[in-house]
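Residue-level structural notes
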Amino acid sequence: KNEVEQSPQNLTAQEGEFITINCSYSVGISALHWLQQHPGGGIVSLFMLSSGKKKHGRLIATINIQEKHSSLHITASHPRDSAVYICAASGGGADGLTFGKGTHLIIQP
Amino acid sequence: NAGVTQTPKFQVLKTGQSMTLQCAQDMNHNSMYWYRQDPGMGLRLIYYSASEGTTDKGEVPNGYNVSRLNKREFSLRLESAAPSQTSVYFCASSENRKASIYNEQFFGPGTRLTVL
């Protein structure tokens, strides 16, 4: 069973700061997912990657397969980025995701 | 397209009552999932259906049953609700094509269930 660990659990930063959230997993995966959940809201998929780096707007996700580690970066953070960010591992096929416990991010104006 | 829809949005039950959570997707996805989200525990897989006609247990299946009614619909049933089943329940779907290892999951809005 894959164990997915995220850090930090909570992060408060000032608007404009560069944000990094880390994720590590214990066994090989087919893909690593980054998800976003706003308070009281649904869950949205941000990235799905199995190697290298992906970028979407101010968000960047990287993965190092050898080290079993992924990072989510937010550049020029904004209060609307305040949310819970969740990483999840998929082992391939249709077996569902194994989730980290999430990082609660607050960006203060 | 509505994506993944769930009903109801909120529900309060008494211990021992039964209920069914409904989930439907209009993206012609093959696979569907039920997760529960609890404070401090994160999201955990209850049951999944890899394709129409199949269902399998996930990490926390006890106390639940599921039905994949057709390709669109996947329901979760609590036969005798317990306070430990108080949680937020999310349904998700993915295309899960064999030719692709990329299986982005699309989530419904969630059902907040309280069992007294």
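Quick caveat, the model's predicted, so the values are computed rather than measured. Each chain has its residues counted from 1, running along the sequence as written. As they are written, the chains are lettered A onward and the ligands numbered 1 onward, keeping that order. Local features in this predicted model are restricted to residues of pLDDT 70 or higher, and side-chain atom pairs are both shown and tallied only at a pLDDT of 80 or more, whereas totals for entire chains, interfaces and linings draw on every residue. Side-chain measures were taken over the full set of non-hydrogen atoms in the model, leaving aside hydrogen atoms and water.

1. A word on the overall build of chain A
Put simply, the test is: What counts as a helix is a DSSP run of H or I of at least four residues, what counts as a strand is a run of E of at least two, and both are numbered from the N terminus. Radius of gyration: C-alpha atoms only; globule rule: 2.2 Å multiplied by the number of residues to the exponent 0.38. The rule is simple: take the accessible area with a 1.4 Å probe, protein chains only, and divide by the maximum for that residue type; under 20% is buried, over 50% is exposed, in between is partly exposed.
Secondary structure summary: chain A contains zero helices and eleven strands in total. Secondary structure elements of chain A, listed N to C terminal, follow the sequence β-β-β-β-β-β-β-β-β-β-β. By the compact-globule yardstick of 13 Å for 109 residues, chain A fits well, its C-alpha radius of gyration being 13 Å. Counting only C-alpha atoms and orienting by the principal axes, one finds that chain A spans roughly 40 × 30 × 20 Å. Taken across its 109 residues, chain A has 47% of its residues classed as buried.

2. A word on the pattern of salt bridges
Side chains bearing opposite charge may pair, as long as their charged atoms lie close to each other. All names here are of chain B. Short version of the rule: Definition used for salt bridges: Asp or Glu carboxyl oxygen within 4 Å of a side-chain nitrogen of Lys or Arg.
In total, this model carries four salt bridges over all chains according to the counting rule given. A salt bridge links Arg44 to Asp38; the nearest nitrogen and oxygen atoms lie 2.9 Å apart. For Asp38, a relative accessible area of 10% puts it in the buried group. Members of the salt-bridge network, linked through shared partners, are Arg36, Asp38 and Arg44.

3. Notes on the side chain of Thr103 of chain A
Residue and element names in this part refer to chain A. To be explicit about the condition: We call two residues in contact when some of their heavy atoms are within 4.5 Å.
With respect to the element layout, Thr103 can be found in strand β11 (residues 103-108). On the basis of relative accessible area, Thr103 is assigned to the buried category, the value being 0%. Ignoring sequence-local partners within four residues, the contact set of Thr103 consists of Gln6, Ser7, Pro8, Gln9, Ile21, Ala83, Val84 and Tyr85.

4. Focus: the pairing of strand β1 (residues 4-7) of chain A
The side chains of a regular strand alternate between the sheet's two faces. Residues and elements named next belong to chain A. Threshold: In this analysis, strands are considered paired if DSSP registers two or more bridges between them.
On β1, burial follows the alternation: Val4 and Gln6 on one face are buried, whereas Glu5 and Ser7 on the facing-out side are not. Bridge count between β1 and strand β3 (residues 19-25): four bridges; the pairing is antiparallel. Residue pairing across strands places Ser7 opposite Asn22, the latter belonging to β3.

5. A short note on the state of the cysteines
So the rule is basically this: The criterion for a disulfide is a pair of cysteine sulfur atoms lying within 2.5 Å.
Under the criterion given, the structure shown has two disulfides over all chains. The side chain of Cys23 of chain A participates in a disulfide bridge whose partner is Cys87 of chain A; the two sulfur atoms lie 2.1 Å from each other. Its S-S torsion of approximately 75 degrees makes the covalent link between Cys23 of chain A and Cys87 of chain A right-handed. In this pair, Cys23 of chain A is assigned in strand β3 and Cys87 of chain A in strand β9 (residues 83-90), connecting sequence segments 64 residues apart. We classify Cys23 of chain A as buried; its relative accessible area is 0%. A sulfur-sulfur distance of 1.8 Å marks the disulfide that ties Cys23 of chain B to Cys91 of chain B. One disulfide, between Cys23 of chain B and Cys91 of chain B, carries an S-S torsion of -70 degrees and so falls in the left-handed class. Highlighted residues: Cys23 of chain B in strand β3 (residues 19-25) and Cys91 of chain B in strand β9 (residues 87-94), separated in sequence by 68 residues. Across this residue pair, the class does not change: Cys23 of chain B and Cys91 of chain B are buried.

6. Considerations on the environment of Tyr48 of chain B
Its place among the elements puts Tyr48 of chain B in strand β5 (residues 42-49). Judged by its relative accessible area of 12%, Tyr48 of chain B is buried. Here the alpha-carbon distance between Tyr48 of chain B and Arg112 of chain B, two residues 64 residues apart in the chain, equals 19 Å. Sequence-distant contacts of Tyr48 of chain B, that is, excluding residues within four places in its chain, are made with Ala94 and Asp95 of chain A together with Met32, Tyr33, Thr54, Thr55, Asp56, Lys57 and Phe74 of chain B.

Remember that the coordinates give geometry; whether it matters functionally is a separate question.
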